[in-house]
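# Coordinates in review
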Amino acid sequence: MSSPALEGFLARLYTDESSLAEFLRRPAEIARAAGLNDAEVLALEGADHVGLVMAARSFRAKRRRRRNHCGLFWLFSGRKR
Amino acid sequence: MTGAAAAVESRDRFGLGWRPELAAGILAHLAQIDLIEVIAEEYFDAPRRDLRALQTLAAQVGIVLHGVSLGLASTVPVEPRRLDRIARLIDATGAESWSEHLAFVRGGGIEIGHLAAPPRNEALVEGACRNLERAAQIVGCAPQVENIATLVVPPASRLDEADWIARIVCGAGVGLLLDLHNLYANAVNFGDDPHSLLCRLPLERVKVVHLSGGRWIDGPDGARRLLDDHLHDIPPEVFALLSELGRLAPQPVTIVIERDGRFPPIARLLEQLDIARAALAAGRAAAT
């Protein structure tokens, strides 16, 4: 029960506030619409939603800090300095 | 310190993460530092003069590379071009080893911009082991892999953290870079006992230890979790874990303090290195 599709889905939740908000309102429906299988949908429905919110906030703050400090954000984005 | 503890301790090494803000202080105190850990990605596109400076530094102090962007803990194969860059940098700098995180950093074409904890399950164990094998083939040596901190219980997990890490580290036959603040944060955030979590890891594979600090943050519904932010001093609980590691793992280890911001005077970091030396030595002494 793990797939590139699940990793892509989580990456979207961690980077797109509106996608996360939509998921928290209708987790099973949104996960199914993303093409995840039944086991993945069930796992996401029962996931640590508080933690998802906190992780997404933390990632957002770290991306912002890196941009502001002209620091390591390019490492992940693939952009050259 | 007893003579025996001092002898054992002399095989261990102590260093700092290399950051531009700390460079002057590190260069002025090389006698107190055994090695520096360099973020690999910062030098991928570095001008030749920067690489030469790193080579000069490598002649005076040990250098190890630390990657942050490979995303080895993934069901998606790591791209060879990313590994090629690590291989070239090791050649260019003479770094003695390299490390990466047990994390995924992208998915579906989206860059997360930080280290995310993947689902801890068998599929990820297999994916990570495949990626580590590929990394060893292309780079010429396998990385040591680091446990990461997470604010969320990774969705779709079926293995606990210690079991998941052990299966990857032992399955791929690689060394463990044990981040003790990450371990501590995950334990306190999700109701585990840090010392129990430590004991369940494959400690015989620990080659490097990271020490850092963090702060408590508030979340929805009154939740509070410990964030590993590398902006604060190392808490006493982490030094206690280092002592415990010294007691349980007899092999030589390399200790690296990571600090990414709110930089204190270099004297403060050197003082923390001394506390780390004493903590590890105390653990070594207790084992004898």
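Please refer to the structure higher up on the page.
Residues numbered from 1 in each chain as written. Chains lettered and ligands numbered in written order. Predicted model: local features only at pLDDT ≥ 70, side-chain atom pairs only at ≥ 80, totals over all residues.

Time to look at the interface of chain B and chain A. Taken together, the contacts link 36 residues of chain B with 33 residues of chain A. Among the elements of the structure, strand 5 (104-107), strand 6 (110-116), helix 5 (122-139) and strand 11 (224-228) of chain B are those that each provide at least two residues to the side of chain B that touches chain A. Looking at the side of chain B that touches chain A element by element, the count peaks at six residues for strand 6 of chain B. Of the residues assigned to the side of chain B that touches chain A, the class counts are 20 nonpolar, 10 polar and six charged. (Contact = placed C-beta atoms within 7 Å. Helix = DSSP H or I, 4+ residues; strand = E, 2+ residues; numbered from the N terminus. Nonpolar A, V, L, I, M, F, W, Y, C, P; charged D, E, K, R; others polar.)

Moving on to helix 1 (residues 4-15) of chain A. All names here are of chain A. The first and last C-alpha atoms of helix 1 sit 17 Å apart over 12 residues, in line with the 16 Å expected at 1.5 Å per residue. In terms of burial, helix 1 is largely enclosed, as nine of its 12 residues are buried. Within the span of helix 1, buried status applies to Leu6, Glu7, Gly8, Phe9, Leu10, Ala11, Leu13, Tyr14 and Thr15. (Expected span 1.5 Å × (residues − 1). Buried ≥ 20, exposed ≤ 12 C-beta atoms within 10 Å, placed from the backbone.)

Here the focus is the sheet that holds strand 4 (residues 98-101) of chain B. Residue and element names in this part refer to chain B. Strand order in the closed barrel formed by eight strands is 1-2-3-4-7-8-9-12, and the pairing between neighbours is parallel. The mean angle between the axes of side-by-side strands here comes to 30°, regardless of whether they run parallel or antiparallel. Bridge count between strand 9 (residues 206-211) and strand 12 (residues 254-257): four bridges; the pairing is parallel. The residue bridging Leu211 from the neighbouring strand is Ile257, located in strand 12. (Pairing = 2+ DSSP bridges. Axes fitted to C-alpha atoms, helices over the stretch in contact; angles between N-to-C directions.)

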